[in-house]
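One-letter residues, chain by chain:
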Amino acid sequence: MKKHYLLASDFDQTLSFNDSGLTLSELLGTAGFREKVAALARLNFVQQGAELAYLLSEDAEYRRVRREDLAETGRRVRLKRNVPLLARMLQDGMDGNRFDFYVISAAPREVVLSALDGIVPPDHVIGTRFRFDEQSGQIATLEQAAAGYGKGAAVEQLRLQHGIPREQVVYVGDGQSDIPVMLHVNRGEGFTIAASEAREIAQIAKRTVISDDALSVLVPILEEIVGFGPAQIRALFEREGFVIQEWDRVRTDWLTIREGEGGVLPAA
């Protein structure tokens, strides 16, 4: 029986190569973005992924940002290859299965809207929202951050809105800020895909796919949800004008090895 799925994806480093905060910092000529984010992470002061939202609402160097600066940042973000084709193939459906494609990001919504202009409809983009001062045009306050548990809440709201069962939710992400939403989706027997080899998320996601092409996330979806075999997947890609040149399956073991007691390993 063909089914209706909700597919939600992170943006930074999942659909793009860049961290939007770093791109914004380069636009502003502001140094030290990575150091500020690392300091906030060490303090556990904000949720993972919400560091840029905090800087934009509280840091003097970033509060001067205007809406047009965020839009320009989005235009400068380098997307992974074939994001438009990914969106189109999901919209068309696969083997009769429907997929509603949403992007949920801790990045400012204006950045994501600009980067995905003409690719993903604005009402399918959920990002961090700010209120802007009417006189200066600069950021006034943070209204809502779509990070950490906020992503899980957004996925659940969309699921209920579309009337989709929990087991028909798919989430794609790449980092620690995606852990809460992946755990939420896994608990509901949904399907999670990691777009990076970061240990924290690779151990949680049901599948991990590493590629510079956005179409790569279709492979586990076609296998696990649609039920296609390798030959059918290759044929589908070829119909779209692509050849899967390399397809390696690698099982990763994460090990920590130490010496035995007294600094001497037991004899074999």
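What you see is a predicted model; the values in this text were computed from it and never measured.

Enquirer: Just to check I follow, could you spell out the overall build of the protein for this structure?
Expert: Broken down by element type, the protein carries 12 helices and seven strands. Overall, the protein is about 65 × 60 × 35 Å in size when its C-alpha atoms are taken along their principal axes. A burial count over the protein gives 48% of its 268 residues as buried. Summarising the internal contacts of the protein: among those between residues at least 6 apart in sequence, 59% fall at separations of at least 24. Within the structure as shown, the protein displays about 14,300 Å² of accessible surface, and the carbon and sulfur contribution to it stands at 47%. Between the centroid of the 31 positive side chains of the protein and the centroid of its 39 negative side chains there is a distance of 2 Å.

Enquirer: Explain the packing of aromatic side chains here, please?
Expert: In this description, a pair of aromatic rings is defined by centroid distance and the angle of the planes. The full count for this structure, using the stated rule, is two aromatic pairs. Between Tyr5 and Phe99, the ring centres sit 5.2 Å apart and the planes meet at 15°, which makes this aromatic pair stacked. Of this pair, Tyr5 sits in strand β1 (residues 4-9) while Phe99 sits in strand β2 (residues 98-108), placing them 94 residues apart in sequence. Ring geometry for Phe33 versus Tyr62: centroids 6.4 Å apart, planes at 55°, classification tilted. Remark: Tyr62 occurs in helix α4 (residues 60-63) and Phe33 occurs in helix α2 (residues 33-43); sequence separation between them is 29 residues. No difference in accessibility class separates Phe33 from Tyr62, as the two residues are buried. In this structure, Arg78 packs its charged tip against the face of Phe17, placed 4.2 Å from the ring centre.

Cut-offs applied
Residues numbered from 1 in each chain as written. Predicted model: local features only at pLDDT ≥ 70, side-chain atom pairs only at ≥ 80, totals over all residues. Heavy atoms only, no water. Helix = DSSP H or I, 4+ residues; strand = E, 2+ residues; numbered from the N terminus. Buried < 20%, exposed > 50% of the residue type's maximum accessible area, 1.4 Å probe, protein only. Contact = heavy atoms within 4.5 Å. Areas by Shrake-Rupley, 256 points an atom, 1.4 Å probe, with all protein chains shown as cover. Lys, Arg positive; Asp, Glu negative; His and termini not counted. Charge placed at Lys NZ, Arg CZ, Asp CG, Glu CD. Phe/Tyr/Trp six-rings, centres within 6.5 Å; stacked < 30°, edge-to-face > 60°. Lys NZ or Arg CZ within 6 Å of the ring centre and 35° of its normal.

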